[in-house]
Amino acid sequence: MKILGIETSCDETSAAIIEAKSGNRTVKLLSNVIASSLPLHAKTGGIIPEIAARNQLTFMLPVVKKACKDAGIELREQIAPEIDAIAVTVGPGLIGSLLVGVETAKTFSYIWNKPLIPVNHLFGHMYANFITDEQTTSIDFPAIALIVSGGHTDLVYLEGHNKIQWLGGTRDDASGEAFDKIGRLLKLPYPGGPSIEKAAKNGHPKAFRFPRALLDDKAFDFSFSGLKTAVLREVQKRGTLDEQVVADISFAVQDAIIDVLIKKTLTAAENYAAKSILLGGGVAANQALRDAFEKSLAKEHLQTKLFAPKKSLCTDNAAMIATAGFFHNKTHPWKDITANPELYFD
Ligand code: KG4
Ligand code: ZN
């Protein structure tokens, strides 16, 4: 079946077409178009919801048209395109942004008479791992998912597709939010995550060490606001920062975040006898995080397999939404579907 995915939960406007085969349960990407208002937010060092939503209104239709064209799907007046369903992010996210995608998807569902699947954005980040060029997925259950994005840091247990349980999350800032806020303190370009990763490559590993909150706490909760405060104190103490100090602090920040994410995830994987670990969300694009995960799994002699989506599928995109829609294919009448900014795990 072919599914049109639509994603507008934050500052991206994305549409994608996936082709899913129920037999071997794999998902092939036919197109994935992403328009971002990021350059506009770079000026302000953060997302301004009103600006994001206004841009999404203008991007939405051209992005859907391009996604269809790239997938070889013809859009003609009065004729429904050759897709089987539409999947749309209904939350969590910014209300103005979500509304653009949800109302667009509802309109298409009505005029084309196609089933509409509401999708939780967080499921999308986990299910990006099921998009593969292989014939079948090698993801085995049970699995532990670590969702690390600008808005979320969550650990999730997947006994199977139909039994998904939230284990814990951040008590304050999300890991991506910590990268972004600290990036701003270090006067690095927005978003902070990729900038800190780049700067950290030239950092001395032992120049600084920042706190790892809740590292030995048994709960699967995270806290990153103390890290931000520790960096703020260091920055205030020093006044101006030269390039080497920025690199050294970047290394120590990335190291502290990675340490906590890995320790909690591996503990969860052990407790739940997970066969797979699924990374997802923008921070999962961080190569140092991926490498450190592989190293820790080898060091602990754990048989758990690590999965991370292609880097372009870690940050927000509609392909992951269409994929989650395929695996959680509960269609609803378009009239019943509403945007829910507070949506979380049940
Ligand atoms: O998943 P995403 O696109 O949006 C949300 O759903 O929030 O994630 C965006 C976040 C930003 O905080 C950004 O700094 C972070 O992902 N990010 C990274 C990297 N690339 C993006 N963090 C660390 N290293 C990266 N390479
Ligand atoms: Zn996201």
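Before any of the text, the structure's been laid out above.
Predicted, not measured: the structure shown is a model, and the values here were computed from it. (Residues numbered from 1 in each chain as written. Chains lettered and ligands numbered in written order. Predicted model: local features only at pLDDT ≥ 70, side-chain atom pairs only at ≥ 80, totals over all residues. Heavy atoms only, no water.)

A. Broad picture of unusual backbone geometry. The omega angle of the peptide bond from Phe-141 to Pro-142 is 0°, so this bond is cis rather than trans. Of note, the amide linkage connecting Tyr-190 to Pro-191 takes the cis form, showing an omega dihedral of -5°. The phi dihedral of Leu-214 falls on the positive side, at around 60°, and the residue is not glycine. Even without a glycine there, the phi angle at Ala-273 is positive, about 45°. Structurally, Ala-273 is set in the loop between helix H8 (243-271) and strand S9 (276-280). Overall, the relative accessible area of 55% leaves Ala-273 in the exposed class. (Helix = DSSP H or I, 4+ residues; strand = E, 2+ residues; numbered from the N terminus. Buried < 20%, exposed > 50% of the residue type's maximum accessible area, 1.4 Å probe, protein only.)

B. Main features of the packing of helix H5 (residues 175-185) against helix H7 (residues 225-238). Interaxial distance between H5 and H7 falls to 10 Å at its minimum, and their mutual angle equals 5°. The orientation of H5 with respect to H7, classified from their angle, is roughly parallel. Every residue of H7 that contacts H5 at Lys-181, Ile-182 and Leu-185 is listed here: Leu-227, Lys-228, Val-231, Leu-232 and Val-235. The class makeup of the residues in the contact of H5 with H7 is six nonpolar, no polar and two charged. (Axes fitted to C-alpha atoms, helices over the stretch in contact; angles between N-to-C directions. Parallel < 35°, antiparallel > 145°, perpendicular 65-115°, else oblique. Contact = heavy atoms within 4.5 Å. Nonpolar A, V, L, I, M, F, W, Y, C, P; charged D, E, K, R; others polar.)

C. How the structure looks around the sheet that holds strand S4 (residues 85-91). Strand order in the open sheet made by the five strands is S3-S2-S1-S4-S5, with mixed pairing throughout. Only two strands of the sheet have a single partner each, and these edge strands are strand S3 (26-36) and strand S5 (116-120). Put simply, the sheet's adjacent strands are angled 20° from each other on average, direction ignored. Pairing between strand S2 (residues 12-21) and S3: ten bridges, direction antiparallel. Its bridge partner lying in S3, Ala-20 is registered against Val-27. (Pairing = 2+ DSSP bridges.)

D. Quick peek at the pattern of salt bridges. Using the criterion set out here, one finds 16 salt bridges in the structure. With a closest N to O distance of 3.2 Å, Lys-163 and Glu-159 form a salt bridge. With relative accessibility at 39%, the residue Glu-159 sits in the partly exposed group. Put simply, Asp-259 and Arg-212 hold a salt bridge, and the shortest N to O gap is 2.8 Å. Of this pair, Asp-259 sits in helix H8 while Arg-212 sits in the loop between helix H6 (192-200) and H7, placing them 47 residues apart in sequence. In the salt-bridge network here, residues are joined through shared partners; they are Asp-173, Glu-177, Lys-181 and Lys-228. (Salt bridge = Lys/Arg side-chain N within 4 Å of Asp/Glu carboxyl O.)

E. Expanded view of empty space enclosed by the protein. Under the criterion given, the structure shown has one cavity of 30 Å³ or more. Looking at the largest cavity, the residues that line it are Pro-211, Arg-212, Ala-213, Ser-223, Phe-224, Gly-226, Leu-227, Ala-256, Ile-257 and Val-260. No other element matches H8, which puts three residues into the lining of the largest cavity. Split by residue class, the lining of the largest cavity holds seven nonpolar, two polar and one charged. (1 Å grid on protein atoms, 1.4 Å probe; cavity = no way out; pocket = protein on both sides within 12 Å on 5 of 7 lines; lining within 4 Å. Points joined across faces, edges and corners; volume = space filled by probe spheres on them.)

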